[in-house]
Amino acid sequence: MFYRMILLAVIDALFVVIASFLAMFIRMEFHMDWELWYNYVPYIGLDIVITLGIFHFFKLYKSLWTFASMLELREMIFAIVTSAFVKVIVFALALDIVISRSWYVMEPMILLCLCSFTRFSYRNLRSLKNNSRINIDNKIMIVGAGEAGNILLRETLLSNHVNQKVVCLIDDDPMKKGKYMNNVPIVGNRETIIDNVKKYEVTEIYIAMPSASLKDRSDIVKICEETGCQFKILPGFYQMMSGEVSISKLRDVEIEDLLGREPVNVNIDEIAGYIKDKVIMITGGVGAA
């Protein structure tokens, strides 16, 4: 991890120099003004220190770029914009370096493109590698093409388990049918689960509907049982609110998922005290009996 951080910092330092050169080169309409460049060269080290220091402050070297998302991109934008303001204060106001004013705009824009490419390319290459698998032992269907389903799908795409792949998604929203999420098709609603299990040769089903009602989850669980596939379910809505949605949170289906209602909690001690030394009759052969 430490060596990876050092390598990333070295690459960023190189990108600072490249971005600065390109900003001047483009500003001069692709005819380099070497006088401006020589004015900047003595301060390259200071430019790198400012940039890397602000990147470190925004924790860009502690992020897991394997799972990079819009949140990491937003933090990178904040870091580069902050560094641009600091450079204006230091270079233009404090040191009065003669550099084109457009450099203060173009340099951070180019730097953002270069740094984004570095950080997101690894994730994209890994996703492409996982999507190009030929022999897949475990083909997964995700029921629920919402936020929770998207999180599970992304984790699966970046997983090191080379024998599994999400092949289709199910969602009851008719507007989503025929669309794609991370290149995986949304093939229909719950009524099509059985048919699509056969069509896509699904071996495992993930039910990703943490905000659904107990009745809806119960209905979907019963349909999944008919497929003969292994299936797991995400816990309730509070998991979604606390940001705990992940493959590791999937669990086996429990009896509460089949009830279609809230479970009835019975105070056994109170009932035992009430019927002690009494002859009772029980009606009903299932359920609470």
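Rules of the game
Residues numbered from 1 in each chain as written. Predicted model: local features only at pLDDT ≥ 70, side-chain atom pairs only at ≥ 80, totals over all residues. Heavy atoms only, no water. Helix = DSSP H or I, 4+ residues; strand = E, 2+ residues; numbered from the N terminus. Buried < 20%, exposed > 50% of the residue type's maximum accessible area, 1.4 Å probe, protein only. Contact = heavy atoms within 4.5 Å. Phe/Tyr/Trp six-rings, centres within 6.5 Å; stacked < 30°, edge-to-face > 60°. pLDDT = per-residue confidence, 0-100. Salt bridge = Lys/Arg side-chain N within 4 Å of Asp/Glu carboxyl O.

S.K.: Pulling in residues and values, what's your account of the side chain of Ser-83?
M.R.: As for its placement among the helices and strands, Ser-83 is situated in helix α4 (residues 70–94). Take Ser-83: its relative accessible area is 1%, and that puts it in the buried class. The contact partners of Ser-83, leaving out residues within four places of it in the chain, are Ile-50, Thr-51 and Ile-54.

S.K.: Lay out the packing of aromatic side chains in plain terms, naming residues and giving numbers.
M.R.: Per the stated rule, a full pass over the model turns up 12 aromatic pairs. Arranged with centres 6.0 Å apart and planes meeting at 45 degrees, the rings of Phe-21 and Trp-34 form a pair that is tilted. One end of the pair, Phe-21, is in helix α1 (residues 2–27); the other, Trp-34, is in helix α2 (residues 34–40), with 13 residues separating them in the sequence. Judged by its relative accessible area of 43%, Trp-34 falls in the partly exposed class.

S.K.: How would you explain the confidence of the model for the chain if you had to name every residue and give the values?
M.R.: Per-residue pLDDT for the chain averages 80, and the proportion of residues at 70 or more is 74%. The element-level mean pLDDT for the chain is lowest in helix α9 (residues 237–241), coming to 44, with helix α7 (residues 193–199) highest at 95. Note that residues 237–245 has pLDDT below 50 and, in this model, 14 contacts with residues that lie over four places away or in other chains.

S.K.: Would you mind going over the pattern of salt bridges in detail, with residue names and values included?
M.R.: Going through the model one piece at a time under the given rule, you end up with nine salt bridges. Note that Glu-75 and Arg-74 form a salt bridge whose closest N and O atoms lie 3.8 Å from each other. With relative accessibility at 23%, the residue Glu-75 sits in the partly exposed group. In this structure, Asp-171 and Lys-176 form a salt bridge, with 3.7 Å as the shortest nitrogen-oxygen distance. Residue classification places Lys-176 among the partly exposed residues on the basis of a relative accessible area of 25%. When salt bridges that share partners are traced, they join Asp-172, Arg-190, Lys-215, Asp-216 and Asp-219 into one network.

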